[in-house]
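Residue strings, one per chain:
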Amino acid sequence: VFLRQLGLDLFGGFPILGFFRILPGRSFLCGGLRFLLSQIRHAAGLAGGEPANASLDRLEAMIARSGLEAGPVAPLLAALLSIPADGRYPPLEIAPSELKERTIAALISLFAGLSKDAPLLALLEDAHWIDPTSLDVFNRLIERLPALSALLVITFRPEFDPPWAGRRAGRW
C-alpha cells in the first residue's frame, strides 16, 4: 500500500499498471502468467459473477483503449482469464506452443498500447520467485521498454541473476 501511494505521489497521478507479486514460498501457485490475471481484470474493470458476454465486452473495450484490434487479442486474453467465449470467437485450434507465443505477444502489445495514453509504472516484486514463463514475458517487455512511456521497477534478492542484468538503460 505504501509503494502504491508513493508511486502516485512521485509520478503525479500517472496510472500504475499494478503490482506483479510473486509470493515467497508460493511460486508454484503463480504458474505461467497467473500473476498478470488480476492486473488485466482490474484494467478491464471485470467483476466476478457477471455474464461472460459482459466480461467480453469489457475486455474488448480495454483492448480498444490500448489501440489494438480486439479480434486477434480478445480470444487469447479471454482464454487466459477463463472467460467462456460462447461462440463469440472461433476456437483457438493451435498448438500449445503457438498459443503461448501469441498470448505473450498480445500481453506485451497490450502493455505497449496502454502506455501510449499515459505513462505506466509497473512493479515486479520478489522477481527471484518468478516462474519461467513469467520471466520470459518480462524479458521480452524489458527489450521493448526503451520505446515505451513506462517505468518498470523490479525488486529481487542479491543472489538472483536476472537475464537482463548488464543491458544498457533506455533513452532518457
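This structure is a prediction, so every number in the text was calculated from the model and none was measured.

Draft legend 1. Molecular detail of the overall build of the protein. Tallying secondary structure elements over the protein gives 6 helices and 3 strands in all. For the protein, the succession of helices and strands along the chain, N to C, is α-β-α-α-α-α-β-α-β. For the protein, the proportion of its 172 residues judged to be buried stands at 40%. Counted over contacts in the protein with a minimum sequence separation of 6, partners at least 24 positions apart contribute 68%.

Draft legend 2. Structural detail: the pattern of salt bridges. Enumeration over the complete set of coordinates arrives at 6 salt bridges. We note a salt bridge from E98 to R102, for which the minimum N-O separation is 2.9 Å. With E98 and R102 both in helix α5 (residues 96–117) and 4 residues apart, this pair spans about one turn of that helix.

Draft legend 3. Quick look at the packing of helix α3 (residues 52–65) against helix α4 (residues 70–80). Orientation of α3 relative to α4, taken along the N-to-C sense of each, is 130 degrees, at an axis distance of 10 Å. The orientation of α3 relative to α4 falls into the category oblique. In this structure, α3 meets α4 at a crossing whose hand is right-handed. Taking contact as the criterion, the partners of L56, L59, E60 and I63 in α3 are, on α4, A70, V73, A74, L77 and A78. Looking at the contact of α3 with α4 residue by residue, the class counts come to 8 nonpolar, no polar and 1 charged.

Draft legend 4. Quick peek at the pairing of strand β2 (residues 120–125). β2 sits mainly inside the fold: 6 of its 6 residues count as buried. As a crossover connection, the stretch from β2 through helix α6 (residues 132–144) into strand β3 (residues 150–154) is right-handed.

Draft legend 5. Region of the structure containing the packing of aromatic side chains. Taken as a whole and assessed by the stated rule, the structure comprises 2 aromatic pairs. Taken together, the aromatic side chains of F156, F160 and W164 make up a single cluster linked through ring pairs.

Draft legend 6. Seen up close, the packing of α5 against α6. Packing of α5 against α6 leaves a shortest axis separation of 10 Å and a crossing angle of 45 degrees. By the angle between their axes, α5 is oblique relative to α6. Where α5 crosses over α6, the handedness of that crossing is right-handed. Counting all contacts with α5, which are made through K100, E101, I104, I108, S109, F111 and A112, the residues of α6 involved are T133, D136, V137, R140, L141 and R144. Looking at the contact of α5 with α6 residue by residue, the classes come out as 6 nonpolar, 2 polar and 5 charged.

Draft legend 7. Broad picture of α3. With 14 residues, α3 extends 20 Å between its outermost C-alpha atoms, agreeing within 8% with the 20 Å of an ideal straight helix rising 1.5 Å per residue. Among the residues of α3, those classed as buried are A52, S55, L56, L59, M62 and I63. Summarising the axial view, the buried residues of α3 lie within an arc of 125 degrees, below the 170-degree limit, and thus occupy one face. Count one or two residues on from α3 and you reach G67, which has phi positive near 90 degrees.

Cut-offs and rules
Residues numbered from 1 in each chain as written. Predicted model: local features only at pLDDT ≥ 70, side-chain atom pairs only at ≥ 80, totals over all residues. Heavy atoms only, no water. Helix = DSSP H or I, 4+ residues; strand = E, 2+ residues; numbered from the N terminus. Buried < 20%, exposed > 50% of the residue type's maximum accessible area, 1.4 Å probe, protein only. Contact = heavy atoms within 4.5 Å. Salt bridge = Lys/Arg side-chain N within 4 Å of Asp/Glu carboxyl O. Axes fitted to C-alpha atoms, helices over the stretch in contact; angles between N-to-C directions. Parallel < 35°, antiparallel > 145°, perpendicular 65-115°, else oblique. Left-handed = near helix turned anticlockwise from the far one by under 90°. Nonpolar A, V, L, I, M, F, W, Y, C, P; charged D, E, K, R; others polar. Right-handed = clockwise from strand over helix to strand, strands pointing away. Phe/Tyr/Trp six-rings, centres within 6.5 Å; stacked < 30°, edge-to-face > 60°. Expected span 1.5 Å × (residues − 1). Arc of directions from axis to C-beta.

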